[in-house]
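A structural walkthrough
Residue strings, one per chain:
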Amino acid sequence: MPNSVSWGPYRGTGLPGTTHQPWPEAPPWRSFGGGPDLPPPPAADPYARIVLGAPRQPLPAPPEEVDRVNAALRLSRPLLVTGEPGTGKSTLAYRISRELGLGRVLRWRITSLSTLREGLYETGDGGRIGLGPLGTAFLPYARPRVLLIDRLDRAEIALPDDLCTVLAAGGFRLPGPASVPSLRSATSPGIAAPSVSDASDAPTEPDAPAETRVATDDDPAATVVLPDRSVRSHAFPVIVITTTGERDLSPDLVRRCVTLRTRRPGPELLRAIAANHFPPGPSTPTSLPGPIPASASASASPAPDPAPAPAPDVVDAFLDRAVRSEGPVVERFLDALRLAADGVLTTLAEDGGWQEAVDTVWEWTAPEEP
């Protein structure tokens, strides 16, 4: 069951409006005094609906997960989430944001070529500066932005340590106009992008304007004015850093985080995920124990998009296989239900038994062997 009583604002339901607690005040040693506050970020997050489905049912979270999320929120620390693929590491950022009403999630997808500067800002034609997801997260907002740093263990070994400089400072300072290299030079072999300390110490040109206008990562058309080229947080962002644990991260970074290890999703959570991705409505008639007459399937109309919820026994059949399977199962479980809701299971059952049809669909959704 969802955690109905919690000592923090996060309850672990993934439903908006679950709690109306005021946002916890940051510890004095993590209050960075940025301002003035900017308008709230975009509330709509289309990707959240893809990840979470519609907010119909609570997405139950283990009590330990809820407690560790709340510890990170109260201490203004990043949340370092480790776990196997498919255990909900990235999804957690969207659950937190939707439940607490923190707006669109900023997402930094890490690759082996990612640099700190990429996350902070980029320069375009005419010297226009666009903040990256990390840079946007540290703008002064009254309530924190949610930043997902996805798969930090893919990065070069220096990036986690470089990230610590921003976390410790609660922001960063853009270099002066003459100090901002082009994107081409910053990514050329043998030429390193400037670090945060380089940016902070870079002298501002005498003729530089007193204020700088930058675009944000989630709204390139918007303009934010930085009076002294500084980005400094008011509410420290909610930072969710994910890793599979295949490689150790910097000890300096780990000690700055609240750590969390995710578990494989259980039956209750999988059932709630299915309910949120499939709207209630007429179910596909796939619960007959034996072959289905051709007339039954011929008269069936195509399922609308999105497909209606599959019959309960269909959900139970694939739920049983998901729980017993190894590897990531959430996407596989949803794919199997989608095929069933589209009538594929009914068609297969015409030529064989019910269980054989379920096994066939489940096998289709399995990842290919390397």
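The following paragraphs examine the structure supplied in this document. (Residues numbered from 1 in each chain as written. Predicted model: local features only at pLDDT ≥ 70, side-chain atom pairs only at ≥ 80, totals over all residues. Heavy atoms only, no water.)

Details of the overall build of the protein chain
The following threshold applies: The helix and strand labels rest on DSSP assignments: H or I over at least four residues marks a helix, E over at least two residues marks a strand, and numbering proceeds from the N terminus. Each residue is assigned to one of three classes by its accessible area relative to the maximum for its type, calculated with a 1.4 Å probe on protein chains only: buried under 20%, partly exposed between the two thresholds, exposed over 50%. For this analysis, residues touch if any pair of their heavy atoms sits within 4.5 Å. The accessible surface values rely on the Shrake-Rupley method and a 1.4 Å probe; as for residues, cover is taken only from the protein chains in view.
For the protein chain, the helix and strand inventory stands at 15 helices and 11 strands. Within the protein chain, buried positions represent 48% of all 370 residues. Contacts spanning at least 24 positions in sequence make up 83% of the contacts within the protein chain whose residues lie at least 6 apart. For the protein chain, the computed accessible surface area is about 17900 Å², with 55% contributed by carbon and sulfur atoms.

Comments concerning the environment of aspartate 162
Examined against the element boundaries, aspartate 162 turns out to sit in helix 6 (residues 158–169). For aspartate 162 and leucine 116, which are 46 residues apart along the polypeptide, the C-alpha to C-alpha distance reads 6.5 Å.

Comments concerning the sheet that holds strand 7 (residues 212–215)
The condition that has to hold: Strand pairing is defined by DSSP finding a minimum of two bridges between the two strands. Here an angle of 0 to 180 degrees is reported between the N-to-C directions of two axes, which are lines fitted to C-alpha atoms, with helices fitted over the stretch in contact.
Spatially, 3-4-7-8 is the arrangement adopted by the four strands of the open sheet, whose pairing is mixed. Strands with a single pairing partner mark the edges of an open sheet, and in this sheet they are strand 3 (121–123) and strand 8 (224–226). Within this sheet the neighbouring strands show an average axis-to-axis angle of 40 degrees, counted without direction. Alignment of strand 4 (residues 129–131) against strand 7, held across two bridges, turns out to be parallel. Counted as the bridge partner of glycine 130 is alanine 215 from strand 7.

Observations concerning helix 2 (residues 63–75)
Put simply, the rule is: Working rule for helices: expected span equals 1.5 Å times residues minus one. Directions pointing from the helix axis toward each C-beta atom define the arc.
Taking 1.5 Å per residue as the helical rise, helix 2 with its 13 residues ought to reach 18 Å, and the 18 Å between its terminal C-alpha atoms agrees with that figure. By the burial criterion, the buried members of helix 2 are Glu65, Val66, Val69, Asn70, Ala72 and Leu73. The arc that holds the buried residues of helix 2, viewed along the axis, is 155 degrees, so those residues lie on one side. The elements touched by buried residues of helix 2 are strand 1 (79–82), helix 3 (89–100), strand 10 (238–243) and strand 11 (258–261). Two residues or fewer past helix 2, serine 76 is found with a positive phi of approximately 55 degrees.

Brief notes about the packing of aromatic side chains
Condition: Classification of ring pairs rests on two measures: the distance between centres of Phe, Tyr or Trp rings, Trp counted by its six-membered ring, which must be within 6.5 Å, and the angle between planes, read as stacked under 30 degrees, edge-to-face over 60 and tilted in between. Lysine and arginine charges are scored as sitting over a ring when NZ or CZ, respectively, is within 6 Å of the ring centre and within 35 degrees of the ring normal.
Evaluated as defined, the whole model comprises four aromatic pairs. Ring plane angle 35 degrees and centroid distance 6.0 Å describe the contact between phenylalanine 32 and phenylalanine 236, whose orientation is recorded as tilted. In this pair, phenylalanine 32 sits in the segment before helix 1 (46–52) while phenylalanine 236 sits in the loop between strand 9 (230–232) and strand 10, placing the two residues 204 residues apart along the sequence. The burial state of phenylalanine 32 is the same as that of phenylalanine 236; both residues are buried. On the numbers, 5.5 Å between centres and 85 degrees between planes, the contact of phenylalanine 138 with phenylalanine 236 is edge-to-face. Taken as a pair, phenylalanine 138 in the loop between helix 5 (133–137) and strand 5 (146–150) and phenylalanine 236 in the loop between strand 9 and strand 10 lie far apart in primary sequence, 98 residues in all. For the pair shown, phenylalanine 138 and phenylalanine 236 are each scored as buried. Cluster of aromatic residues (ring-pair linked, three or more members): Phe32, Phe138 and Phe236. One residue, arginine 145, lies across the ring of tyrosine 141, its end atom 5.3 Å from the ring centre.

Quick word on the pattern of salt bridges
Cut-off, in case you're wondering: Basic side-chain nitrogens of Lys or Arg form a salt bridge, by our definition, when they fall within 4 Å of a carboxyl oxygen of Asp or Glu.
Here the structure, examined in full by the defined rule, presents 11 salt bridges. For aspartate 342, the salt bridge is made with arginine 338, and the minimal N-O distance between the two is 3.0 Å. With relative accessibility at 36%, the residue aspartate 342 sits in the partly exposed group. The exposure class assigned to arginine 338 is partly exposed, which follows from its relative accessible area of 30%. When salt bridges with common partners are traced through the structure, they connect Glu64, Arg68 and Arg263 into a single cluster.

Comments concerning the sheet that holds strand 2 (residues 106–109)
Spatially, five strands are ordered 2-5-10-1-11 in an open sheet, and the strand pairing comes out parallel. The open sheet has two edge strands with one neighbour each: strand 2 and strand 11. If you compare each strand with its neighbour and ignore which way they point, the axes differ by 20 degrees on average. Alignment of strand 5 against strand 10, held across four bridges, turns out to be parallel. By the bridge assignment, leucine 147 is partnered in strand 10 with isoleucine 239. Its contacts with the sheet put helix 3 on strand 1, strand 2, strand 5, strand 10 and strand 11, and the angle it makes with strand 10 is roughly 165 degrees.

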